[in-house]
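Listed below, chain by chain, are the residues.
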Amino acid sequence: MIGFVHGDEARAYPHDILDWHEIINDRVGDANISVTYCPLTGTGIGWNREIDGKVTTFGVSGLLYNSNLIPYDRNTGSNWSQIRLDCVNGELRGKEVEVFPLVETTWLTWKEMYPSTSVVSRNTGHNRSYGRYPYGNYRTDHDYLIFPVANEDDRFQSKERVLGIVQSGSVRVYSFAGFGDKVTVINDELNGRDVVVAGNKEDNFMVSYINDPGDGSTLSFSAVQEQYPVVMTDGEGNMWDVSGRAVAGPRKDARLSPAPSFMGYWFSFAAFYPDLTIYGDS
Amino acid sequence: MGYLNYILKYMVVTLGILVSGQLPGYSQTCCSGGVPLSGNIGFEGAARGTLQMELSYDLNYLATLKTGSEIYEDGARQRITHSLLVKAGYSINHWFAIDALFSYVFQGRKITFDDQINQVDTRGLGDAVLMAKFILSNVSETGSELQLGIGPKLPLGRSDLTNDFDITLNADMQPGSGSWDLISWAYYARQFVKRPTTVASARIVGRLNGKNREYLGTQTYSFGNSVQVYLGIGDKVVWGNMIFSPSLSLRYRYADGDQINGQILDNTGGQWINFLPAVSWHLRPNSILHFVPELPLYSDVGGTQLTPTFRMQVGFYHSFGRISKNKSNTYQL
C-alpha cells in the first residue's frame, strides 16, 4: 500500500485498488492530493492537484511513455509525465509537479506506524476484483516488459524496487541492498543538496527528505529503532517520523521538505534517467 | 511538439490496459473484438467452374466487462468493430476449390467517465485469407458433404496505425495483425434421410498465428492460437412464393492468450459459446440474403476483458454457374 500523512491524519491507499484505477484524487486535511500509481513501472507518486491556485483532478489519459503513466488534468486537458514530474503536452506544458511525500510499504508496517489510519475503501462505486493483480506475473518476471523503453540497464534486475531521488535534473537510486532488517539512515548529498534517506528492508520502506529543517541548517541524522513512526533522530535530540515531521525535541512540529522521490521498478528509472547514479557505486 | 516528437518512439496508447478517470478502471480488450476472418472463410461445395461470391457486413459490439465468467456491471466502455467482408470461391473441379476472403475494417472504442468521453477510431484494409479446399464428398451426390481446407492469412492490413498524436495504437485497435497465420478448416454436413431439406452440419476452424515482429517498433506480438467449432441444423421452408432457410447454430471458440516478446499477455484469451439463430432468404436459386444474429451464451475470459455483447451479420450471396439442387441450408457463418 501507499501511505500519506498530513497533519494528524494518515491515509492508506491499497495497491489492490491502485492496480486497477491508477489514480485516486483525494483531500486529506487541507491537502489536495492525487495519488498516481503506474502498475507497469511500480511508481507511486503523490501530486499536489492544486495548480496555479486552481484545484483540479487528474485522470488517466490512456497514453504511456516509456511504459509509464501519462495522467491528464481535467481543468486544461494537459498531459503530464508521472516519472518526469512535469507537463509534457497542452496548456500547462513545461510546468513541474509539486509532490507530496508518500510512504510505500506493507500494510503491517503502516498499521504499526499509524494504527488509526484511514484506508481507501473497496466500495469505489465500480465493480472490480480488487484482490486480483491484473497483470499476472509482470511484477516478478524480470524479462517481461509489455511496452518498449528507451534505455535498458542491467545493473539491477528490471523489477527490483528502488527509491529514486530526482533533484534538479540529477537522479540517484537507492536499493534495499543497502538496508537491513533494522531502520537504516543514509546522509547523502545530491546536486548540491543534502538529503537523508531512511529505510528498512524487512519492513519494506524507504523515504527521503531534504536535509534542511527550515532554517538552512544541516542535521546529522541517525536511525531510531522500534519506535514507529519515528525513524530518525539528530544531533539536537529531535525525533523525526517517517513523514518527515519532528514529533519530539527542540524542533517539534518542524518539517523536512520531501526530496522529490518515489519508489519504482529499477527499469523505469533507467529508462527515464540514463545518467542516474546508484548510491554506493564508486 | 519537439518533446512530443522525441518521445513518440516510446510512447504508446494503452487504453486497452487499464484506463481510469478518478476511480474507474478497465481491463485490456480481448482479441474477440477483431475482424471475423477465420469464422467466415469457406463456401459449400459447388459444381466445377462455379464462382461463388458473397458481400457481408459484420457488426461486433462489445460492452460486457468480465473477469473469468463473472460480469462486472460497467457501462463506461464500449467497443464496436464493423467489418465489410468480400468472399469469393471458385470450384476448380469436382474435388478442389479455392476460397478467398478480404476485409475492410472500422473499429471504434469509447470510454466514458462522468461527462468525458475518450474515443479512438481506426479503419483500413484488413487482413485476408486464401484457402485451398479438398471436397471429399458432396451433399448433392451422397447426402453428406465433407471438405477440408488449409491456407494462409495474409497480413494485408496495417498494424502500425497511430492516433492524433501520431502515437502507435495497440494491437487490438489495428485493422491488421502484422503476422502470417495458418488457417485449417473442416466442414461436414449431412441431410436427414426422412427430410432431405433438413441438414445438420459441423465446422471446425483452427488458426495458428504467426508473429508481428515490428510491434511498436521493437517488439514481437502474436495473437493467441484459436479453434472454433460450429454445430448447426437448418431447414428450408416455403412461405407464400418465397423460400427461407432458418437455422440454429452453436459456436464454441477457444483462444490462447496473446504474447508479447514470447510472454503471455494477461487479460487475453478465453473461451466463448454463442448461439446463432439465422435465416436466409433465397431470392433466386443462385442468390441468397442472409441475416445471422449471434448471442453470447457463456464465456470464460482470461483475466478481465471487454467481451462481445451482441454480434450480427447480413450478407448477399450469389453464385455464377451450375446450382446444386441439394444445397445445404445451414448457413456457414
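Residues numbered from 1 in each chain as written. Chains lettered and ligands numbered in written order. Predicted model: local features only at pLDDT ≥ 70, side-chain atom pairs only at ≥ 80, totals over all residues. Heavy atoms only, no water.

## As for the sheet that holds strand 24 (residues 261–265) of chain A
Sheet strands pair by backbone hydrogen bonding; their relative direction is either parallel or antiparallel. Residue and element names in this part refer to chain A. The mixed open sheet is built from four strands, whose spatial order is 24-15-16-25. Strands with a single pairing partner mark the edges of an open sheet, and in this sheet they are strand 24 and strand 25 (277–278). Across five bridges, the pairing between strand 15 (residues 161–167) and strand 24 is antiparallel. If you follow G164 over to strand 24, its bridge partner there is F262. (Pairing = 2+ DSSP bridges. Helix = DSSP H or I, 4+ residues; strand = E, 2+ residues; numbered from the N terminus.)

## What to know about unusual backbone geometry
All names here are of chain A. Here the amide bond leading from Y228 into P229 is cis, since omega sits at 10°, within 30 degrees of zero. Tracing the chain through its elements places P229 in the loop between strand 20 (222–227) and strand 21 (230–233). Positive phi, normally seen in glycine, also occurs at D52, with a value near 55°. With respect to the helices, strands and loops of the structure, D52 is situated in the loop between strand 6 (50–51) and strand 7 (54–55). Residues other than glycine seldom take positive phi values, yet N191 does so here, at roughly 55°. Here N191 is to be found in the loop between strand 17 (184–190) and strand 18 (193–200). You can call N191 partly exposed: its relative accessible area is 41%. (Buried < 20%, exposed > 50% of the residue type's maximum accessible area, 1.4 Å probe, protein only.)

## Here's the deal with the pairing of strand 5 (residues 96–113) of chain B
All names here are of chain B. Examined bridge by bridge, strand 4 (residues 77–91) and strand 5 share 15 bridges and lie antiparallel to one another. Bridge assignment links S83 to a residue of strand 5, and that residue is V105. Here strand 4 folds back onto strand 5, and the loop between the two strands holds four residues. Two elements, strand 5 and strand 6 (residues 116–125), share 10 bridges in a ladder whose sense is antiparallel.

## Observations concerning the sheet that holds strand 16 (residues 259–260) of chain B
Residues and elements named next belong to chain B. Spatially, the four strands line up as an open sheet ordered 11-12-16-17, and their pairing is antiparallel. The open sheet has two free edges, formed respectively by strand 11 (212–215) and strand 17 (263–264), since each of these has just one partner strand. Of the strand pairs in this sheet, strand 16 and strand 17 are connected by two bridges, and their pairing is antiparallel. By the bridge assignment for strand 17, I260 is matched with Q263.

## Points about the confidence of the model for chain B
Residues and elements named next belong to chain B. Chain-level pLDDT for chain B is 84 on average; 85% of the residues reach the 70-or-more range. Of all helices and strands in chain B, the one with the weakest mean pLDDT is helix 1 (residues 2–7) (40), whereas strand 19 (residues 287–301) scores best (96). Segment residues 1–9: pLDDT under 50, and 14 contacts once partners within four positions in sequence are set aside and those in other chains are kept. Low pLDDT, under 50, characterises residues 14–31; the stretch is placed with 106 contacts to residues that sit more than four places away or in other chains. Of the two predicted TM-score estimates for the complex, the pTM is 0.82 and the ipTM is 0.75. (pLDDT = per-residue confidence, 0-100. Contact = heavy atoms within 4.5 Å.)

## Observations concerning the pattern of salt bridges
Considering all chains together, one arrives at 23 salt bridges over all chains under this definition. A salt bridge links D153 of chain A to R155 of chain A; the nearest nitrogen and oxygen atoms lie 2.9 Å apart. Linking D253 of chain A and K252 of chain A is a salt bridge whose minimum nitrogen-to-oxygen distance equals 3.9 Å. Connected via shared salt-bridge partners are D127, K153, D181 and R207 of chain B. (Salt bridge = Lys/Arg side-chain N within 4 Å of Asp/Glu carboxyl O.)

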